[in-house]
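Listed here are the chains, written in short residue letters.
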Amino acid sequence: MSLQSMTGYASAQSHIGSETPAVPGVRLGLEIRSVNSRYLDVSFRLPDEFRQLEPGLRDLINKQIKRGKVELRLSVETDNDSGIGTPDTALLKNLVNVQNHVRMWLPEAPVLSVSEVIRLSSQAHATSTADMTPHIVSLASEVVGQLSKARQREGMKLADDLRGRATQLHALAEQALPLVPLAVDAQKQKFLERWREALALADTQALPENVHERALAEAASFAIRSDVAEEITRLTAHLHEITRLLTPQKHPEGVGKRLDFLIQELHREANTLGSKSSTIELTRISLDMKVLIEQMREQVQNLE
């Protein structure tokens, strides 16, 4: 399954000509647009006489689109430049016969006017809804295909952008990893220095015998709480999974929702890294990570 954006637009037109000069042709116009949404939400804007086509058009859309707010609009117009054609002879003869038959039983019935003859002629040969249905379905299939291709093209561009930002996050994680043991050791030394300062001010005779062992244990515990190696490892694992999901031609169904979850996990790890950071350099790396992750989140929200 190819990766698709949830944003796209497509349109197509078709002309149905009339075989009768008196009847104008019909122009069909279909346009379809989609924006991002958590689920598939399809709506139609159709003339009332074509409402019965909604179930078939909905099935057509569901086969190619899985997520997004989709709107399909149909316009039906008659040719403005057709003018008033001449009714064919057979129809005029039929109207005369019908009129004579009616007047035979209803002598007071008025004679047909020219405008009534033209109107009846147009109604007799007008293109019916059933006649236009195959044209509309064919046109809908065309625009849905165009929309799907447009969404795929944009999806590929978004995937390229996400892969680039994931690469930058990998680089930041590699920068942070060597700093972790140094930061942990620095925190341990800082704790011991403050402990020694406190001992210098305290009455050493009143202190318990194992005070130094307890100090070392507390220093180790304090240092462990500032160790962010696990967060960096998990962050790197999430980035590997994101890269796998974005591999061309290997996109599973619902990839957008999976990526959205992974972005949330990336954000969680970057926040923890920042809150546990004990050096300016790690804090800077955490902030840079959160900026990239937020940019990725905005892109992922547009993926199907």
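Here is a short report on the structure shown in this document. Keep in mind it's a predicted model, so treat the numbers as computed, not measured.

Conventions and cut-offs
- Residues numbered from 1 in each chain as written.
- Predicted model: local features only at pLDDT ≥ 70, side-chain atom pairs only at ≥ 80, totals over all residues.
- Heavy atoms only, no water.
- Helix = DSSP H or I, 4+ residues; strand = E, 2+ residues; numbered from the N terminus.
- Buried < 20%, exposed > 50% of the residue type's maximum accessible area, 1.4 Å probe, protein only.
- Contact = heavy atoms within 4.5 Å.
- Areas by Shrake-Rupley, 256 points an atom, 1.4 Å probe, with all protein chains shown as cover.
- Axes fitted to C-alpha atoms, helices over the stretch in contact; angles between N-to-C directions.
- Parallel < 35°, antiparallel > 145°, perpendicular 65-115°, else oblique.
- Left-handed = near helix turned anticlockwise from the far one by under 90°.
- Nonpolar A, V, L, I, M, F, W, Y, C, P; charged D, E, K, R; others polar.
- Expected span 1.5 Å × (residues − 1).
- Arc of directions from axis to C-beta.
- Pairing = 2+ DSSP bridges.

Looking at the overall build of the protein chain
Logical step 1: Looking only at helices and strands, one finds 9 helices and 4 strands in the protein chain.
Logical step 2: Its helices and strands taken in sequence order, the protein chain reads β-β-β-α-β-α-α-α-α-α-α-α-α from the N to the C terminus.
Logical step 3: Looking at the 304 residues of the protein chain, the share that counts as buried comes to 35%.
Logical step 4: In the protein chain, of all internal contacts separated by at least 6 residues, the share reaching a separation of at least 24 is 81%.
Logical step 5: Carbon and sulfur atoms make up 54% of the accessible area of the protein chain, which amounts to about 17800 Å² in all.

Regarding the packing of helix 7 (residues 229-245) against helix 8 (residues 255-276)
Logical step 1: Packing of helix 7 against helix 8 leaves a shortest axis separation of 9 Å and a crossing angle of 160°. Classified by the interaxial angle, the pair formed by helix 7 and helix 8 is roughly antiparallel. At the point where helix 7 passes helix 8, the crossing takes the left-handed sense. Touching Glu 231, Ile 232, Arg 234, Leu 235, His 238, Leu 239, Glu 241, Ile 242 and Leu 245 of helix 7 are Val 255, Arg 258, Leu 259, Leu 262, Ile 263, Glu 265, Leu 266, Glu 269, Ala 270, Thr 272, Leu 273 and Lys 276, all from helix 8.
Logical step 2: Here the contact of helix 7 with helix 8 is composed, by residue class, of 12 nonpolar, 2 polar and 7 charged.

Looking at helix 7
Logical step 1: The first and last C-alpha atoms of helix 7 sit 25 Å apart over 17 residues, in line with the 24 Å expected at 1.5 Å per residue.
Logical step 2: All buried positions along helix 7 are accounted for by Glu 231, Ile 232, Leu 235, His 238, Leu 239, Ile 242 and Leu 245. Projection of helix 7 onto a plane perpendicular to its axis shows the buried side chains occupying an angular sector of 140°, all on one side. What points out from helix 7, more than 90 degrees from its buried face, is the exposed set Glu 230, Thr 233 and His 240.

Topic: the sheet that holds strand 1 (residues 8-16)
Logical step 1: The strand order across the open sheet formed by 4 strands is 1-2-4-3, and the pairing between neighbours is mixed. A single partner strand is all that each edge strand has here, and the edge strands are strand 1 and strand 3 (40-45). Adjacent strand axes in the sheet meet at a mean angle of 10° when their direction is disregarded.
Logical step 2: Judged from the 6 bridges that link them, strand 3 and strand 4 (residues 68-78) form a sheet pairing that is parallel. If you follow Phe 44 over to strand 4, its bridge partner there is Leu 72.

Remember that the coordinates give geometry; whether it matters functionally is a separate question.
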